[in-house]
Every structure is written in structure tokens, then in C-alpha cells.
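# Structural overview
The residues making up each chain are set out below.
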Amino acid sequence: MATSPARILGELRARPATRFFRCLTRSVPGLAAAWWLLLLVRALVPAGLAIATGLLVGRVQAGSDLTAALAVFGVVFVASQVSPSVHQVVGALLGHHLSSVLNDRLMAASLGPDGVGHLERGDLTNDLTTARDFDLGWTGPPMFINMDFIAQGLVMLLGGIASSLVLVGFAWWAPPLLLLGWGSTHWLLRESGVWRDRNTDEVKAARRHTDYAYDLATEPAAAKEVRLFGLAPWLLERFTGHRLHLHQLQYDATRLRERSLAGALVIVLATNALLFGVLAHRGYAGSLDLRAVVTYAGAGFGSSAIAFGGLSWALDGAAAPVVAIERLEVEMARAGALTASRVAPRPSSTTSGSAAPEIRFRDVTFTYPTGSGPVLEHLDLTVPAGASLAIVGQNGAGKTTLAKLLCRLYDPDSGSIEIDGVDLRELDLVAWRSRLAAVFQDFVRYELPLRDNVAPLGADTSVVEGALEQAGALGLAELDAPLAKGYPGGVELSGGQWQRVALARAIAKVHGGASAVLLDEPTAMLDVRGESEIFRRVLGSTAAATTVLVSHRFSTVRQAELICVVEQGRALELGTHDELMALRGRYFTMYDLQASRFHDERELDEHGEELVHDHL
Ligand code: ADP
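Residues numbered from 1 in each chain as written. Predicted model: local features only at pLDDT ≥ 70, side-chain atom pairs only at ≥ 80, totals over all residues. Heavy atoms only, no water.

### Topic: the site of the ligand
Near the ligand there are 13 residues, and of these Glu 120, Gly 396, Lys 399, Thr 400 and Thr 401 occur at the shortest range. Separating an oxygen atom of the ligand from a backbone N or O atom of Gly 398 is a distance of 2.9 Å. Residue Thr 401 places a side-chain N or O atom 2.5 Å away from an oxygen atom belonging to the ligand. For the ligand, the protein covers 65% of the area, taking 560 Å² as the surface of the free molecule. (Near = heavy atom within 4 Å. Polar contact = N/O pair within 3.5 Å; in protein donor to acceptor, adjacent residues only side chain to side chain. Areas by Shrake-Rupley, 256 points an atom, 1.4 Å probe, with all protein chains shown as cover.)

### What about the environment of Ala 484?
Within the element layout of this structure, Ala 484 appears in the loop between α18 (461-470) and α19 (495-511). Judged by its relative accessible area of 11%, Ala 484 falls in the buried class. In this structure the C-alpha to C-alpha distance between Ala 484 and Leu 448, which are 36 residues apart in sequence, comes to 7.6 Å. Not counting the four nearest positions on each side in its chain, Ala 484 is found in contact with Glu 447, Gly 490, Val 491 and Glu 492. (Helix = DSSP H or I, 4+ residues; strand = E, 2+ residues; numbered from the N terminus. Buried < 20%, exposed > 50% of the residue type's maximum accessible area, 1.4 Å probe, protein only. Contact = heavy atoms within 4.5 Å.)

### Comments concerning the environment of Ala 285
Counting through the fold element by element, Ala 285 comes out in helix α11 (residues 258-285). Ala 285 sits 194 residues away from Gly 91 along the chain, and the two C-alpha atoms are 47 Å apart.

### Some remarks on the confidence of the model for the protein
Averaged over all residues, the pLDDT of the protein equals 87, while 92% of them reach at least 70. Considering each helix and strand of the protein separately, the mean pLDDT is smallest for helix α24 (residues 608-615), with a value of 40, and largest for helix α4 (residues 67-111), with 96. pLDDT under 50 marks residues 601-616. Its contacts with residues more than four places away, or in other chains, come to 19 contacts. (pLDDT = per-residue confidence, 0-100.)

### Remarks on the pairing of strand β8 (residues 546-550)
Counting buried residues along β8, five of its five residues qualify, which places the element largely inside the surrounding structure. Covered by surrounding structure in β8 are Thr 546, Val 548 and Val 550 together with Thr 547 and Leu 549, the residues of both alternating faces. Of the strand pairs in this sheet, strand β3 (residues 388-392) and β8 are connected by four bridges, and their pairing is parallel. By the bridge assignment, Ala 390 is partnered in β8 with Leu 549. (Pairing = 2+ DSSP bridges.)

### A closer look at the nonpolar core
One finds Leu 450, Val 454, Leu 468, Leu 519 and Tyr 587 to be the most contacted residues of the largest nonpolar core, which totals 48 residues. When residues are assigned to domains, this core turns out to be shared by domain 3 (350-435 + 518-539 + 548-616) and domain 4 (442-512), each giving three or more. Setting aside residues up to four positions removed in sequence, Tyr 587 forms contacts with Val 392, Phe 554, Val 557, Arg 558, Ile 563, Val 565, Glu 573, His 577, Leu 580 and Met 581. Val 28, Leu 38, Leu 106 and Leu 128 belong to the second largest nonpolar core, which has 36 residues in total. (Core = buried A, V, L, I, M, F, W, Y, C linked by side-chain atoms within 4.5 Å. Domains from an automatic or database assignment.)

### Some details on the pattern of salt bridges
Taken as a whole, this structure holds 13 salt bridges when the rule is applied. A salt bridge links Asp 123 to Arg 121; the shortest N-O distance between them is 2.8 Å. A relative accessible area of 18% means that Arg 121 is categorised as buried. Because the salt bridges share partners, they merge into one network encompassing Arg 121, Asp 123, Glu 331 and Arg 334. (Salt bridge = Lys/Arg side-chain N within 4 Å of Asp/Glu carboxyl O.)

### Topic: a nonpolar patch on the surface
A cluster of nonpolar residues, Phe 77, Val 78, Val 82 and Val 86, forms a patch on the protein surface that exposes about 320 Å² of accessible area. Turning to its location among the elements, Phe 77 is positioned in helix α4. Since its relative accessible area comes to 43%, Phe 77 is described here as partly exposed. (Patch = residues over 30% accessible without salt bridge, like charges linked within 9 Å, V, L, I, M, F, W, Y side chains within 5 Å.)

### Observations concerning unusual backbone geometry
Phi at Asp 420 is positive, roughly 50 degrees, even though this residue is not glycine. The residue Asp 420 is located in the loop between β4 (414-419) and β5 (422-423) in this model. Under the relative-accessibility criterion, Asp 420 is labelled partly exposed at 43%. You will see that Gln 568, though not glycine, has its phi angle at about 45 degrees, which is positive.

### Describing the sheet that holds strand β7 (residues 516-520)
In spatial order, the strands read β6-β7-β8-β3-β9-β10; together these six strands make up an open sheet with mixed pairing. Whereas interior strands pair on both sides, the edge strands pair on one side only; in this sheet they are β6 (436-439) and β10 (570-575). Neighbour-to-neighbour, the strand axes of this sheet turn through a mean angle of 15 degrees, independent of strand direction. Along the sheet face, α19 touches β6 and β7 and points at about 175 degrees away from the line of β6. (Axes fitted to C-alpha atoms, helices over the stretch in contact; angles between N-to-C directions.)

### Quick notes on the side chain of Arg 121
Tracing the chain through its elements places Arg 121 in the loop between α4 and α5 (125-133). Reaching out from Arg 121, the side chain makes a polar contact with the side chain of Asp 123 at a distance of 2.8 Å. Residues contacting Arg 121, with those up to four places away along its chain left out, are Glu 331, Ala 335 and Thr 370.

### Overview of the sheet that holds strand β2 (residues 376-383)
Across the sheet, which stays open at both edges, the four strands sit in the order β2-β1-β4-β5 with antiparallel pairing between neighbours. Strands at the two margins of the open sheet, each flanked by one partner only, are β2 and β5. The strands touched by helix α15 (residues 399-406) within the sheet are β1 (359-366), β2 and β4, with β1 carrying the most contacts at an inclination of about 115 degrees.

Structural data, given as C-alpha cells:
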């Protein structure tokens, strides 16, 4: 049946709160044990205080020795004063530790897979945002503060239950009555007072839109366009609109429901009137002594702590990143995994990497996991060892995808990429990537000194300077100057200067032993002459390597020994510039189109002749 104990247990184990506490206990066992122990002490204080007070009053009434009663009272009193502060410190420490553990787990999940599919999947964005931003205070208090909310909620709940259990001595029906009375508030007020739905997709989407508009307005990257396109009012409207929506969601979720509040009040008043009425009656009637009356009245009062607090809200907030990370660990590992090697990596193929390799795409078909159809289809292409090959084709033709497959960031669905006749999947991945120097369109601008931008893993100054010189980037900045204005002595580079630095990084890697070079439109930000010149330099300094270049500038493309036109996922034409021109096919058409465009420009340019010569 649907409600078998195993199933209920399974559902309980899968609940976010359970997963949170499990993660907490496994991640930082010692500290978690101390936190639970202190929580227990705090939870027992109200019941202990009721008992100790009753004991003391009883002794005073009886006129007997007060030492033991005072000692008990003193212990409970000290515990009540000391335990919250200590618990708070332990909780904050625990929260910090848990945050670090979750951060580490996200780093491992992101960096672990050999491929990049897991970071290109839109459907993981929500989890990724939750897992990354949970400690920034946007979706709720940071973990180290939230631990205190959780502690308070649990202390009250458990303390209330403990207090009500003291009443077993008074009447068997008293504890269940109070549990039901005060417990009903959890059910009746569960949608009031606090915003529990902070992590719904709608809230996350509204928050992402708000943050994005906020970033666009406050970061320099968009400043120019915002002004030039007159986007400021639109941006402001977008920001306030989404923020308003966010507040509306919050408001809708947190309104006090008047009926539930009235219902809760009636139940609580009725149960307490019954309890205290019977207690008073028995007290007057003499069937309960003063000690018992004091104890039970105190316990009755203490049981009120069961009433609805912020526990579930705090727990929801704390559990969300745990659940998100647990999900991401599974999904990212799956999405970022490369297909298993068909055979174990060949040790011989991993190290013989100094010679320029022949690169061959053999009947390669590839579809992105989230794509609708194949980007590459039965593509065949050979780059001879030591040759330079330029790939041209329209936007979306699959050029960058080809580059990604060569880096083995994805594996083809069928066919293979062969390096000197060996399937890339049979090569040691790290060894292959160390042989490959690549610059992508969206290369990284490391906020690090120029030296580290050229050689992130370190290299001799002579190598760094040599690479910078070959990339035409010598003298851009001091080698030790950070390349970001926000740092002391920081230097801001232009887009074109950054591209030269990125090229220097690839050249330095070639000096360090890489024998294959991949340039995916690395110079799109340079002017035509700059690109042409730099590509000449790069080809010169990487002459011994096999070079694959993606570019749409024909002045650059024609410098390559071989040119391949990619269209609809296939290698449509392959040959030298002269061969492809003679063919009068797609290359010829594209070349002609670009040439005529620049021809028109020539009439406007006083250096026209020279410019056209550079372009063609
Ligand atoms: P090119 O470099 O020739 O401009 P790409 O190789 O970048 O083209 O893209 C080829 C096609 O693959 C495009 O239709 C693009 O939308 C799609 N595509 C690129 N990256 C992804 C991805 N991560 N997931 C799904 N589709 C993608």
C-alpha cells in the first residue's frame, strides 16, 4: 500500500530538513555533536526550571533543608544563562564550517568533470544559483546566522514538548492536550508570518532578473551601451518591476491569515483554560500540594514554546543549498562526463607529445546534449602534422564546436578524432591537453599580474617576455602589474590588448612544449591590420606546431596553408587559398563578398590600397 512504513521512512529521509541535518552531522561530526548536546540542554531548561522551582517551594513550605533544592535550582539557572551563548557560538562555527564544506563540494562538482557540458546546461542554473549564492544573504540569512534561528526554533519546540511531558504526573491527558493545542498553531499558521517560499522557481527568476538589471546598471561593462541606446529608464523600470514582483510574492506568502489566527487563538485559549482551571481546582481542593501546583503551572507555561515559530522557514533556507548541491553533484557528474575510454590510455601515446601531431576528424557526428539536432554531421577533415589550417564558415556552422571536440571538452556521438592515428579517447586526457595551446573567443581575463596571465602555472621571465613580444604585447604593462583596475597598481587593458595577452599565453605554452595550437577567433577585437600582423607573428612563433585557426577575416585565413569551409556541420571545401579560389565554390563566394565590401570602403579610406591589400 501507499503508506507502508518503508515508504514513509523513505519520504522522511528524502525531506530537505532531514538531508540538511544528515549533511550537517556528516560534514562536521564533532561540532555537530556538541551543537546537538547544547540544544538538548537548552531544551530541558524550561522543564528543569519548573521542577526546580517546585522543589524549592515545596522545601520552603515544609521548612526543610534547602541546600539540595537550591543546588538543583542553581544548576538549571546556570545552564539557562550559559548554554544559549555557548550554543550560539558553536552554531555560528558550525554554520561557517558547513558553508565551507558546501562551497568545497560545489567547487569539486564544477571542476571535477573532464568535459564542460555540466556548465552549459540551462536547466541547472537555478540549483547553481542557490548553491553558489546561499551565503550572500539574498535568499535568507547566511548559514552561520541561520544556525541560530534553527537552534532557537528547535529549542522552543523540544523545550515545549519536554515541559508538557512533565505534566504526565498531573494528568495523563494534559501532555496530549497541550501538544495538540500549541501544535495546532503549526498547522493553522503555517502560511502566515514568514516567507517560506523563497526558493521557488518564480522567486528565483524574479531575483535573477532583478540582480541582472542591478548589475547592468552598476557595473562598467554595460555603462556605454546603456547610455548610447537610452536604456536607463528601461533598466530602471525593469529593476523596479521585478523587485516589486519579488516583494509581491513575499507579501502574498507572508500575510497573516486572520481566520487561522483566530482559530489558533481559540484552540490555545481553550486548552490552557482547561488545564489551568483543573490545576487551580485541584490546588484549592487540596489534592495537589503547593510544590506540585508550582511545578505543573511552570510546565504548562513552558509548553507554550511549542507554538509556531520560524523553524520551518529557517530550515527551508538552510536545506535549500544542501539539496541543490546534492542534486548538482549527480547531474554535473553525469552532464560533464566524457564517454569512457574504449581502452585504457596508451602510456606510449601520452608522452610522445613534443612533435607536431597530425589531427584527423573521421566521420564525426555531434549533437549537444540539450541541442535539437546534430551540429556536426559525418565531418571528415585532416590537418597534416605541422600544417596550419584555417576554418571558415557562417555563424553557427559548428566551428567552435569543432574546437571544443578537439580539446575533448565533449566527445563525438559517432566517428572519432585521431591524433597521429590514435583515437583521442584513448589518449591520456591531461597529457593531450598539455600538448594543446588554445585561445578562445571568450578567453579568460585573469585578474592577476600580467606575468600570470601569460603563464598561469609559472614560467621564466624570458619565456613570458618572449611570448609577449611575439604577440606584439611587450610593454603593455609591468610584468607584475595586476590586470584589473580594482587592485593597487592595477592596469586596465583594451579589448585588443587583452587578446594579445591571451595569444601570448598560447605562445608561452608552445614554448613550454605544446605542439598543437588552436585559435578560435582570438583576434576579433583587433583591427584588420592588427589581426593580420599578429597572426603572421603567431604562425611564425608556432611554426613547428600543428595550428588550427577559426577566423572570418580572409586576410588572416589566407595565410594558413590549408583552408576548410564548414557548412551545416560538414567540411564542404578543403584546399589552399588558390585551390579554393579556382574551385569557384563557397570559399570563392565568401571571399568575393568580403573583398567587395572592403573595396567599397577603400574609396572612403585614404590608405585604401594598402588596406585592401591587407584584407585580401
Ligand atoms: P560557430 O563557431 O560556427 O559560430 P558553434 O560551434 O558555436 O558555431 O555553434 C554551432 C551550433 O551549436 C549553433 O547552432 C549553436 O546554437 C549550437 N550550440 C553551441 N553551443 C551549444 C551548447 N552548449 N548547447 C547547445 N547548443 C549549442
